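Residue-level listing of the chains:
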Amino acid sequence: MQEEFNEIFLKYHDIISLGVYGTAIGLILIGLYAVLMKKNLVKIVIGLTIIDAGIHLLFIGIGYINGGTAPIFSPGYEDAAKRMVDPIPQALVLTAIVIGFAVTAVALSLVIRLYKHHHTAKIDQIKSLKW
Amino acid sequence: MVITPIHYIVVPLIAAFAIPLLSKIHKELFRIVPGIVMFYNIIISFVLMKEVNEVGYISEIIAGWEAPWGINLMITPFSGFLASLISVLGFLIWLYQYRFKKVIDVDEIKSYGILQMMMITGAIGIIITGDIFNLFVFMEIVAITAVSLTSFYRGRDGAEAGFKYLLIGGFASALILLAILILYTQVGTLNMAEIAEKMHTIPLGIKSTILILFIVGFGIEAEMFPLNGWAPDAYSQAPGPTSAAFAGIVVKAGIYGLIRVIYTLFDIEGAFDFLIIAGLVTMIIAEFSAVKQKNLKRMLAYSSIGQMGLVLIAFGIGTKTAVFAALFLMFNHAIIKSLLFMTGSILMYNSKDKTISSIHGIAKNLPFVSIMFAIGAFAIVGLPPFSGFWSKLYVLTAAADKEMIMLIIAILGVSIVEIVYYFRVVNKLYFATDIEHLDIFKPSNNSLIAMGILTITIIVIGFYPDLITGYLHNAADILLDRSSYIDFVLKANVPIQ
Amino acid sequence: MKKVLVIILLVIIGYFLANTFINIPFGENRIGDINAEKPTAAGYYLSNTKEKSKVANIITAIVVNYRGLDTLGEVTVLFLASTGIASVLYRRKEEEEETERLSLPSSTIIRSGARVLFPIIALLGIYVFIHGHLTPGGGFQGGTIVATGFLLMLISYKGFNTNHNRMTWIESLAGLTFIFLGIWGLIADNTFLGNIPEVGKLNSLLSGGLIPIIYIAVGFKVAVELTGILDILLKIKPKK
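Definitions and limits used
- The residue numbers shown here count from 1 along each chain, following its written sequence.
- Chains and ligands are labelled by the order in which they are written, letters from A for the one and numbers from 1 for the other.
- At least 70 in pLDDT is required for a residue's local features to be given in this predicted model, at least 80 for side-chain atom pairs to be given and counted, and no such filter applies to totals for whole chains, interfaces and linings, which use all residues.
- Values shown for side chains rest on all heavy atoms present in the structure; no hydrogens or waters enter the calculation.
- When two rings of Phe, Tyr or Trp (its six-membered ring) have centres within 6.5 Å they constitute a pair, described as stacked for plane angles under 30 degrees, edge-to-face for angles over 60, and tilted for the intermediate range.
- By definition, any uninterrupted DSSP run of H or I lasting at least four residues is a helix, any uninterrupted run of E lasting at least two residues is a strand, and each is numbered from the N terminus.
- Under the scheme applied here, a residue whose accessible area is under 20% of the maximum for its type counts as buried, over 50% as exposed, and between as partly exposed, the area being computed with a 1.4 Å probe on protein chains only.
- Nine residue types can take part in a nonpolar core, namely buried Ala, Val, Leu, Ile, Met, Phe, Trp, Tyr and Cys, and a core is a set of them joined through side-chain atoms within 4.5 Å.
- The contact criterion used is simple: two residues touch if any of their non-hydrogen atoms lie within 4.5 Å.
- By buried area we mean the combined loss of accessible area, with a 1.4 Å probe, across both parts when two parts are placed together.
- Every case where a carboxyl oxygen of Asp or Glu lies within 4 Å of a side-chain nitrogen of Lys or Arg is listed as a salt bridge.
- We call two N or O atoms a polar contact when they sit within 3.5 Å, provided that within protein one can donate a hydrogen and the other can accept it, with sequence-adjacent residues counted only if both atoms are side-chain atoms.
- Amino acids are sorted into nonpolar (Ala, Val, Leu, Ile, Met, Phe, Trp, Tyr, Cys and Pro), charged (Asp, Glu, Lys and Arg) and polar (every other residue, Gly among them).
- Angles shown run from 0 to 180 degrees and are taken between the N-to-C directions of axes, each axis being a line fitted to C-alpha atoms and, for helices, limited to the stretch in contact.
- Should an angle fall under 35 degrees it is taken as roughly parallel, and over 145 as roughly antiparallel, whereas 65 to 115 is taken as roughly perpendicular and any remaining angle as oblique.
- Handedness of a crossing follows from how the near helix is turned relative to the far one, being left-handed for an anticlockwise turn of less than a right angle and right-handed for a clockwise one.

Participant: Explanation requested: the packing of aromatic side chains in the structure shown.
Facilitator: What describes a pair of aromatic rings is the distance from one ring centre to the other and the angle between the planes of the rings. Summed over all chains, the structure comprises 39 aromatic pairs over all chains. For the pair B:W69 and C:Y44, a centre-to-centre distance of 4.0 Å together with 5° between the ring planes defines the contact as stacked. Note that B:W69 is positioned in the loop between β1 (58-61) and β2 (72-75) and C:Y44 in helix α2 (residues 41-53), a pairing that runs across two chains. Across the pair, C:Y44 and B:W69 agree in class, each one buried. Plain terms: the ring middles of B:F78 and B:Y256 are 5.5 Å apart, the flat faces sit at 25° to each other, and that makes the pair stacked.

Right, dumping it as structure tokens:
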């Protein structure tokens, strides 16, 4: 079963790698586009989270090893250490997701306050300070 | 109990988690506890600086895993110097704001104290950590607290400045994360010493991509042009003590990140020239923008950006004298700009529309604050006998050693611009008489003591620069010695007993 | 005009990123020999976690122990975010009485469904963070699941209120537990967050020394903090 999977995987390896990297870079670019072009503050915050999502996907992507399994010693597979994928990026991405969440939450609270103050969420109508 | 670098992080964290509970016991505790923590930070700095000047490096490993595998905290004379500077400033800022907003609700002030304390802790964490991802985590602590503090006042446009800061800061952290990711694929480690050791194995193309991502990411925090759009707004909208903390503490941490990456991690020569050019552009644009400002805090913010440009230039020259001069500049900028923001925000508190023209002639009513503002202004433009004079002189000496004539001319020219706008303010403070000031807000005694300590430091260092130049020379030597840092972390690290 | 400039910028950035990642082959083994004399960090974790930490889930060992300072920072970031949001959206007493929680009128089906689901979701979350060292998941994931349960209750019941006083206590005590377990390591083992792994055996609930205890504290803290953040962010509607 495992060997069969590995065979299929290696056959389509290029397409899969293009898929992972392409999706991640695509997400980063889409997020940047939203941050730079959108006028609505909430959409800008969403753009920021999309950039984060792209980077997190890249982290998982670089940690993968062909034919590797999850870095957990399941009962019965206690000596699988040699076949495991890189655990560090997965640990880092956990930290990065939590930090990204915290930043998003603070950003949304600022949006709520801006909306209360200016009665709009359009960025071009909020210019007490020059942008 | 032995004092080790981890105390810098653990003690403020205990306080931060305990303050919500402590304030149920007594209402005054959440004001006092951050002060105790800040004072303890000074004790830690004192002990560690004494130790590090004898042994050269201190490395503490976390959770018992040795350096390339676990996270380690590093105190070198360079990082120890910055950490002590931040500790002392943090305590003075706490002293300055001790009775800050006594009148408003308890809950609001409670979060202010926690955020201020954790911003300082985050900055110290950036400086003492030896692990690149850990540095990123501490940078996010600083970013989140700084944004929350910027938008603390509801009457001002704080939320707008905060949102701008958050957007740019979020972009910066995304870039740093991307840089760490690419770096990890190349060297397979996150420990800074091991990265530095394996740096030469990375192909040049990828190496320069990583470096660009790092420079842009840290450049935002270090107010480098053109990434400093957040700074004037954030400085002018934040509460007064927070502006002082931004100038004295947050920016220092950003510069530290930039310097650690360029000096220790990477071995690309071109990065130094890039620093000179970036610093020059930053300095010239910021100083000329400062002249146009009508709001005093915005003017100080632009001046701060300009000074950071000068620091970048000095680091870019890269010789021993230049690094020494850059450290001296950072020290001076920290104490002088904090003083200017402290006095400036008291002056601004008495103005109607926060502009310079509404505080004409206020020196009669606030003599102490005005004289301290004037001393700060004279010191920052580099007039003898104040401390700012020496640092500028050393930068010019370093540039002259490398025969960079154009650089010297540019620095001197910009100094004239600086003199113009600072003297204009001081002149109006003392000699303009077109406004009558009634109903003056006097600073409390603890604020006066904090500002007085900074003023005395400026004058004393001006007369006896030797008091700190020894430390700074030592720090500069260590910073330039890339290989001994690597060797120490990777070979000879033992937990401190 | 701006659109064209932005698209050109994006194309340049995309080109550089693609160019960089072409040189980083997908699925390549960069760990190297895990039993080498001086393995890479990942190799060291893979080969040593089983004996030295006695934790089945290597990611948990990295998050809580090897890179424990990161996690402490991460918990702090979350704590500061909730403190910061409370300060940004702070309301005085009189304003507090004028606002209420944003909620759509919910039907009986949703309300009864929420009431049935809430204990199950909370139980699942607690299960996930108690078994953080054995199965995928852990404090952050489990805490988030518990917070989703609270979110369900918050949006379907107008009268459902969280007890702020109790939440402050749980938040502070969980944070202090993390730090004091770290200090225990400092006293017992001479390094902060040092572990005592001699307890229990691999793949049983009681294994890994202090790691599961720290992760449970993190789980409580995350659950409470996320619930608090959601509560503050939802309470924005002016009362008519």
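Moving on from the coordinates now.
Participant: What's the story with the nonpolar core in this structure? I'm lost.
Facilitator: Nonpolar side chains in soluble globular proteins tend to end up buried together. Core analysis: the biggest nonpolar cluster contains 313 residues, and B:F163, B:F214, B:I255, B:F315 and C:F21 have the highest contact counts within it. Looking at this core, the element that brings in the most residues is helix α13 (residues 320-349) of chain B, giving 20 residues. Other than its neighbours up to four places away in sequence, B:I255 contacts B:A222, B:M308, B:V311, B:L312, B:F315 and B:M330.

Participant: How should the interface of chain C and chain A be read in this particular structure?
Facilitator: Taken residue by residue, the interface counts 55 residues in chain C and 49 residues in chain A. Of the roughly 4500 Å² buried at the junction of chain C and chain A (both faces included), carbon and sulfur atoms supply 77%. At the junction of chain C and chain A, the tally comes to 0 salt bridges. Applying the counting rule to chain C against chain A returns 9 residue pairs in polar contact (both at pLDDT 80 or more). Looking at the side of chain C that touches chain A, the elements that each hand over two or more residues are α1 (2-22), α2, α3 (58-66), α4 (68-88), α7 (139-156) and α9 (211-234) of chain C. With 11 residues, the single largest contributor to the side of chain C that touches chain A is α1(C). Classifying every residue of the side of chain C that touches chain A by side-chain character gives 38 nonpolar, 8 polar and 9 charged.

Participant: Help me understand the interface of chain A and chain B in this model?
Facilitator: Quite often, the size of an interface is put as the accessible area lost when its parts meet. Facing the 35 residues of chain A at the interface are 32 residues of chain B. Together, the buried faces of chain A and chain B total about 3000 Å²; carbon and sulfur atoms form 79% of this surface. In this structure, the connection of chain A to chain B is made through 3 residue pairs in polar contact (both at pLDDT 80 or more). Broken down by secondary-structure element, the contributors of at least two residues to the side of chain A that touches chain B are α2 (13-37), α3 (41-63) and α4 (87-118) of chain A. At 16 residues, α4(A) tops the list of elements feeding residues into the side of chain A that touches chain B. The residue inventory of the side of chain A that touches chain B, partitioned by class, reads 27 nonpolar, 4 polar and 4 charged.

Participant: Teacher, can you tell me more about the packing of helix α2 (residues 29-55) of chain B against helix α3 (residues 77-96) of chain B here?
Facilitator: Packed helices, taken two at a time, are described by the angle their axes make and the gap between the axes. Residue and element names in this part refer to chain B. Between α2 and α3, the shortest axis-to-axis distance is 9 Å and the interhelical angle comes to 155°. When the axes of α2 and α3 are compared, the pair comes out roughly antiparallel. The two elements α2 and α3 cross, and the hand of that crossing is left-handed. When α2 is examined against α3, the residues R31, I32, P34, G35, M38, F39, N41, I42, S45, M49 and V52 are found in contact with a partner set consisting of P77, G80, F81, A83, S84, S87, V88, G90, F91 and W94. Here the residues of the contact of α2 with α3 are counted per class, giving 13 nonpolar, 7 polar and 1 charged.

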